[in-house]
Amino acid sequence: MIELYLDTADIEQVKRFKQCLPLKGVTTNPSILASAGTGLNEVLTDLAQVLGPNARFHAQVVSTSVAGMVEEAKQIHQLPYDMVVKVPATETGLAAIKQIKKDGILVLATAIYSAQQGFMAALCGADYLAPYVNRIDAMGTNGVGVVADLQYLLNQHGLASKILAASFKNTQQVMDVMKLGIGAITLPVDVAAQMFAHPAVQPAVEQFSKDWHEAFGNKLSFES
Ligand code: E4P
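Note that the structure is a prediction, hence the values are computed from the model and not measured.

This next bit is on the packing of helix H4 (residues 66-78) against helix H5 (residues 91-102). The description of two packed helices rests on the angle between their axes and on the distance between the axes. Packing of H4 against H5 leaves a shortest axis separation of 9 Å and a crossing angle of 45°. By the angle class used here, H4 and H5 are oblique. Between H4 and H5 the crossing geometry is right-handed. Across from Val 66, Met 69, Val 70 and Ala 73 in H4, the residues of H5 making contact are Thr 92, Gly 93, Ala 95, Ala 96, Gln 99 and Ile 100. Split into classes, the residues belonging to the contact of H4 with H5 amount to seven nonpolar, three polar and no charged.

Right, here's the structure in full:
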């Protein structure tokens, strides 16, 4: 089954979506944490309380050197949760990923804007690859196309890396990448809510209720 994540540090929204979606866990990035004004340790403590011991969390290094990223990855890995270390798939990041994987730490290569960049990260051993679908679209190219090419390359070369598609602004982008058979996806809260919203749903449910009460009053189905 595809792994479904929320891309947020908003605990209340995680509580909300935990109730109605099969969340595998939560992804964050430095911008998300900065905008929440909450550090990684505090967010993880709260998230773990909400999602329980089987949840997986993806947290990004902020170091800018290979040695720094490797050391930071080790520290993130030692946190008492199921952690995946996010490393930007830059030249420096790819060098770090090669070293981090020697320690068997789970790694997500992030900030992927092209299929070839993602493929290099996969060859370096990244467990997850995060192409930024909407950001690629916003640059005038084709985010879904990048995901399709990357999934094709992974299949062709028998690589086990999972695409964790990221950066969405609408459900069409989500549907288009899910149809490609990717292994994981992370949704911002607003797009997650749109996944089961449709203007016709509530009127349909209200009509059922009206018809029922007119025929059977306050009886429940099994009482009728
Ligand atoms: C995930 O790895 C990214 O941090 C995130 O999904 C980017 O999303 P945005 O383009 O909406 O900021």
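Between helix H1 (residues 11-20) and helix H3 (residues 40-51), the shortest axis-to-axis distance is 10 Å and the interhelical angle comes to 20°. Here H1 is positioned roughly parallel relative to H3, judged by the angle of their axes. Regarding H1 and H3, the two cross each other, and that crossing is right-handed. The residues of H3 that touch H1, namely those facing Ile 11, Val 14, Lys 15 and Lys 18, are Val 43, Asp 46, Leu 47, Val 50 and Leu 51. Among the residues making up the contact of H1 with H3, the classes are represented as six nonpolar, no polar and three charged.

Moving on, we come to the site of the ligand. Taken together, Asp 7, Asn 29, Lys 86, Thr 110, Tyr 132, Arg 135, Ala 166, Ser 167 and Lys 169 make up all the residues around the ligand. Asp 7 places a polar side-chain atom, nitrogen or oxygen, 2.6 Å from an oxygen atom of the ligand. Separating an oxygen atom of the ligand from a side-chain N or O atom of Ser 167 is a distance of 2.7 Å. Look at the ligand: alone it shows 340 Å² of surface, and the protein chains cover 85% of it. Within the shell around the ligand, the residues separate by chemical class into two nonpolar, three polar and four charged.

One non-glycine residue, Ala 111, lies in positive phi territory at about 60°. If you trace the backbone, Ala 111 turns up in strand E5 (residues 107-112). A positive phi angle, near 65°, is found at Ser 167, a position not held by glycine. You can see Ser 167 is positioned in the loop between strand E7 (162-165) and helix H9 (171-178). Assessed through its relative accessible area of 14%, Ser 167 is described here as buried.

Further remarks concern the pairing of strand E8 (residues 184-187). Of the two faces of E8, the one holding Ala 184 and Thr 186 and the one holding Ile 185 and Leu 187 are both buried throughout. Here strand E1 (residues 3-7) pairs with E8 via four bridges, running parallel. The residue bridging Leu 6 from the neighbouring strand is Leu 187, located in E8. Two elements, E7 and E8, share two bridges in a ladder whose sense is parallel. The residue bridging Leu 164 from the neighbouring strand is Ala 184, located in E8. Note on the crossover from E7 through H9 to E8: the handedness is right-handed.

Analysis parameters
Residues numbered from 1 in each chain as written. Predicted model: local features only at pLDDT ≥ 70, side-chain atom pairs only at ≥ 80, totals over all residues. Heavy atoms only, no water. Axes fitted to C-alpha atoms, helices over the stretch in contact; angles between N-to-C directions. Helix = DSSP H or I, 4+ residues; strand = E, 2+ residues; numbered from the N terminus. Parallel < 35°, antiparallel > 145°, perpendicular 65-115°, else oblique. Left-handed = near helix turned anticlockwise from the far one by under 90°. Contact = heavy atoms within 4.5 Å. Nonpolar A, V, L, I, M, F, W, Y, C, P; charged D, E, K, R; others polar. Near = heavy atom within 4 Å. Polar contact = N/O pair within 3.5 Å; in protein donor to acceptor, adjacent residues only side chain to side chain. Areas by Shrake-Rupley, 256 points an atom, 1.4 Å probe, with all protein chains shown as cover. Buried < 20%, exposed > 50% of the residue type's maximum accessible area, 1.4 Å probe, protein only. Pairing = 2+ DSSP bridges. Right-handed = clockwise from strand over helix to strand, strands pointing away.

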